Amino acid sequence: MSKWVVSFLSAILLMMCLTLQVKAVEYELPDTDGQMQSLDQYKGKWLIVNYWATWCSTCIQELPELIDFHDNNKNHDAVVVGINFESIDASRLKQFVRDRSIPYPVLSTEPVRSTPLGSVPALPTTYIIDPQGNVVAGEIGIVTRENLENYIAQKKG
């Protein structure tokens, strides 16, 4: 996909998020142990929700940035939740998470056209949810720790 197309899609996704002010509550998915988890449990913190897949090289490239962001912010006011967006055996996903030392929660879902947070037109796709549970931004493609921290800092103050 060309950079222009990705930029265009990112702009559309961001505009949709800002105009809809989607709520992230009551979005439940199974974690790597099969236990249902709700995004609502993170209310009060900034939440970075990253849709990804094990076969996605761009997603794998992005992992160190998300891990770094999560490790540096989890005890403060922001966390990352990964949502694996593919048909994969639960034990393979769990092993992948372990092998890559992913410290943040990983949930899973089958690929669908639209999620409660919005569409996932390409992987990786990341949504930012504010402490009140509103989806306030979205990005298609790689996000960095610096981009995430700068965005949250701007919104805080």
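See the structure shown above.
Bear in mind that the values here come from a model prediction, so they are computed numbers and not experimental data.

Turning to the overall build of the protein chain, a few remarks are in order. The helix and strand inventory of the protein chain stands at 4 helices and 9 strands. The secondary structure elements of the protein chain, listed N-terminal to C-terminal, are α-β-β-β-α-β-α-β-β-β-β-β-α. Put simply, the protein chain has 157 residues, and 46% of those count as buried. Pairs at least 24 apart in sequence give 72% of the contacts found in the protein chain among residues at least 6 apart.

A separate point is the pattern of salt bridges. Counting across every chain of the model gives 5 salt bridges. Here arginine 145 ties to aspartate 68 by a salt bridge, and the two come within 3.1 Å at their closest N and O atoms. Taken together, the residues arginine 145 in helix α4 (residues 145-156) and aspartate 68 in helix α2 (residues 57-73) connect sequence positions 77 residues apart. Two residues, lysine 74 and aspartate 71, come together in a salt bridge whose shortest N-O distance is 3.9 Å.

Cut-offs used in this document
For every chain, the first residue of its written sequence is number 1, and the numbers climb from 1 along that sequence. The model is predicted, so local features are restricted to residues of pLDDT at least 70 and side-chain atom pairs to those at 80 or more, both for listing and for counting; the totals for chains, interfaces and linings are taken over all residues. The basis for the side-chain values is all heavy atoms of the structure; hydrogens and waters are excluded. Helix and strand assignments follow DSSP, with helices taken as H or I runs no shorter than four residues and strands as E runs no shorter than two, numbered in order from the N terminus. Exposure is judged per residue with a 1.4 Å probe applied to protein chains only, and the accessible area is read against the type maximum: over 50% gives exposed, under 20% gives buried, and values in between give partly exposed. Pairs of residues are marked as contacts when any of their non-hydrogen atoms sit within 4.5 Å. The term salt bridge refers to a pairing of a side-chain nitrogen on Lys or Arg with a carboxyl oxygen on Asp or Glu at a separation within 4 Å.

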